[in-house]
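# Understanding the architecture of this molecule
The lines below spell out each chain.
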Amino acid sequence: MTTTTSTALLTDHYELTMLRAALADGTAHHRAVFEVFARSLAAGRRYGVVAGLGRVVEAVEAFRFTPEHVAWLREAGIADDATAAYLARYRFTGSIDAYREGELYFPHSPVLTVTGTFAECVLLETVVLSILNSDSAVASAAARMVSAANGRVLLEMGSRRTGEHAAVAAARAAYVAGFDATSNLEAGFRYGIPTRGTAAHAFTLAHANEPAAFGSQVRALGAGTTLLVDTYDTREGVEHAVAAAGPDLGAVRIDSGDLAAEARAARAQLDALGASTTRIAVTGDLDEHGIAALADAPVDVYGAGTRLVTGSGHPTCGMVYKLVSIADRPGADAPMRAVAKRSAGKASAGGRKVAYRGLDHAGYASRENVVVRHLPDAPEAGLGRALQVPVVRGGNVVHHPSLAEIRAHHRGAKAELMPLDLDLAPGTPRLAADPTALTPTTGA
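To keep things clear, this report deals only with the structure shown in the data block. The residue numbers shown here count from 1 along each chain, following its written sequence. The predicted origin of the model limits local features to residues at a pLDDT of at least 70 and limits the giving and counting of side-chain atom pairs to 80 or more, whereas totals for whole chains, interfaces and linings rest on all residues. To obtain the side-chain values, all non-hydrogen atoms of the structure were included, while hydrogens and water were left out.

### As for the pairing of strand 17 (residues 388-393)
How we decide: By the convention used here, strands pair only if DSSP detects at least 2 bridges between them. Helix numbers and strand numbers start at the N terminus; a helix is a DSSP run of H or I with at least 4 residues, a strand a run of E with at least 2.
Across 4 bridges, the pairing between strand 3 (residues 95-99) and strand 17 is antiparallel. Looking at strand 17, one finds that Asp97 is bridged to Pro390. The pairing of strand 17 with strand 18 (residues 396-397) spans 2 bridges and is antiparallel. Bridging across to strand 18, Val392 finds its partner in Val397. The hairpin turn running from strand 17 into strand 18, its antiparallel successor, is 2 residues long, and Gly394 in that turn takes a positive phi close to 60°.

Below, the structure written as structure tokens:
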């Protein structure tokens, strides 16, 4: 589903300040290249997951300044006459290349490249970063939880722990990284993600007693429903659940206490009551470490919320949007000049980057090969799998993967990691592009 609401004001004031000055001195019309990358991963993480590219494309398509926007910007003194005229007709007409959504990234990976005039590119900085930083943080956390779950079902249920729009984006990012379903209905409607949900403690408390609540739920939803059994006493809750639904009860959910011990006790009790096919779902501020700690417990379904939608302690990826190349005069034929920051701790490499994933003889990722050149017009021999794909050309979207294709690409990219890379313990990423060691090729 394409966004129709304008995204043009989802930006920072200084983007328009730069535009105003650049229009005045002519720099606005010089060809430029901006790149998105992260200088490092979240502390202790060994890889990151790119998510949000589909939403970035939607945001760029919807980046239009309405007459009301332009009038307000003039009234607020943010836009002068020339700036207002430029904004009124703004359309992104450049190109975007990017790592596929679901791809893995590492320090200094050129995740997204925006090419066009300085003016049209600089305006997109804030909205691009706000999407990629948030969505990739959730997907990176989700991917670790998927590894910890080791094939068991994972449900995203963090809508009540973040902003209402962020909740939809988080559900999508978690699904990209391998979660099975979400509790968020808007995510289901907008993106076709499977949705799940049955009852909260309030439903049990609203009835005279637990048997009455369970009986009502089973009559309405059938014996395959999931009954929340820990409102009062979990052992009694399991007994009442089987009594209400019979041995074909779909699942019981446990949301409190020592989850491993409670799950083992519930499994033994369910089996004794003849409900051997009834699944056990656990919830309660789970992260990848909490899920891993339950690996030996008889848990069938994990529900993750707070920790997931906040990136499991790392709610942003620290991605930046930097100018790496610019022409010194207008015109498509003007030569490009590589530019780079030299700030202490924030130095970068100038020139447009092209990235490849080197694979060893066993198919494992062995190197992040990043080279500097202006146009990704031909593959570099022997450097590995090309990581960037054309996404936008001449302002038109040319990359249209389905969510199923994105999930499949993520699974394939993650399968290239070595077992050490998937370790949840803090570690250093094996794959990283050293910006001081990048080798220029043609025209950098």
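Anyway, onward from the coordinates.
### Some words on the environment of Gly237
The line we're drawing: Using a 1.4 Å probe on the protein chains alone, a residue whose accessible area is under 20% of its type maximum counts as buried, one over 50% counts as exposed, and one in between counts as partly exposed. The contact criterion used is simple: two residues touch if any of their non-hydrogen atoms lie within 4.5 Å.
Here Gly237 shows up in helix 11 (residues 234-245). Classification of Gly237 by relative accessible area gives buried; the value is 0%. Separated by 10 residues in sequence, Gly237 and Leu227 have C-alpha atoms that sit 8.6 Å apart. Not counting residues within four places of it along the chain, the set of residues in contact with Gly237 comprises Glu210, Phe214 and Val229.

### A closer look at the pattern of salt bridges
Definition in use: Salt bridges, as used here, are contacts in which a Lys or Arg side-chain nitrogen is within 4 Å of a carboxyl oxygen on Asp or Glu.
Applying the stated criterion across every chain yields a total of 19 salt bridges. Glu288 is the partner of Arg144 in a salt bridge, and the nearest nitrogen-oxygen pair spans 2.7 Å. Note that Arg144 is positioned in helix 6 (residues 125-149) and Glu288 in helix 13 (residues 288-293), a separation of 144 residues in sequence. The same class applies to Arg144 and to Glu288, which are both buried. Note that Arg307 is salt-bridged to Asp287, the shortest N-O span being 3.5 Å. Separated by 20 residues along the polypeptide, Arg307 in helix 14 (residues 306-309) and Asp287 in the loop between strand 10 (279-282) and helix 13 bring together distant segments of the chain. Residue class for Asp287 comes out buried when judged on its relative accessible area of 13%. Linked by salt bridges that have partners in common, Glu103, Arg357, Glu368, Arg385 and Glu416 make up one network.

### Side note on the sheet that holds strand 12 (residues 319-330)
For the record, the criterion: Axis geometry follows a simple rule: fit a line to the C-alpha atoms, using only the stretch in contact for helices, then measure angles between N-to-C directions, giving values from 0 to 180 degrees.
Taken together, the 7 strands give an open sheet; going across it, the order is 13-12-1-5-3-17-18, and neighbouring strands pair in antiparallel fashion. With partners counted over all chains shown, the strands left at the sheet margins are strand 13 (336-338) and strand 18, one partner each. Of the strand pairs in this sheet, strand 1 (residues 30-38) and strand 12 are connected by 8 bridges, and their pairing is antiparallel. The residue of strand 12 that forms the bridge with His30 is Pro330. Sitting on the sheet, helix 2 (residues 53-61) is in contact with strand 3, strand 5 (112-117), strand 17 and strand 18, with an inclination near 165° to strand 3.

### Examining the layout of surface pockets
Where we set the bar: Only protein atoms enter the calculation, which uses a 1 Å grid: trapped sets of points that fit a 1.4 Å probe without letting it out are cavities, open sets showing protein on both sides within 12 Å along at least five of seven lines are pockets, and any residue with an atom within 4 Å of a point is a lining residue. Grid points are joined across faces, edges and corners, and a volume is the space filled by probe spheres set on the points. In this classification, Asp, Glu, Lys and Arg are treated as charged, Ala, Val, Leu, Ile, Met, Phe, Trp, Tyr, Cys and Pro as nonpolar, and every other residue, Gly included, as polar.
Its volume calculated, the largest pocket comes out at about 900 Å³. The wall of the largest pocket is formed by 37 residues, among which Leu155, Met157, Gly197, Arg253 and Thr283 lie closest to the centre. Mapped onto the lining of the largest pocket, the elements with two or more residues apiece are strand 6 (153-156), strand 7 (181-182), strand 8 (226-228), strand 9 (251-254), strand 10 and strand 11 (301-304). Of the residues in the lining of the largest pocket, the class split is 12 nonpolar, 16 polar and 9 charged.

### A closer look at the side chain of Asn133
Note the following rule: Distance and chemistry together define a polar contact, namely a pair of N or O atoms within 3.5 Å, with one atom able to donate a hydrogen and the other to accept it when in protein, and with adjacent residues in sequence counting only for side-chain atoms on both sides.
Counting through the fold element by element, Asn133 comes out in helix 6. Asn133 gets classed as buried once you look at its relative accessible area, which sits at 10%. One polar contact links the side chain of Asn133 to the main-chain amide nitrogen of Met319, over a distance of 2.7 Å. Ignoring anything within four residues of it in the chain, the contact list for Asn133 reads Pro315, Thr316, Cys317, Gly318 and Met319.

### Overview of unusual backbone geometry
Residues other than glycine seldom take positive phi values, yet His108 does so here, at roughly 70°. For His108, the position within the fold is in the loop between strand 4 (104-105) and strand 5. Within the chain, Ser312 stands out as a residue other than glycine whose phi angle is a positive 50°. Here Ser312 is to be found in the loop between helix 14 and strand 12.

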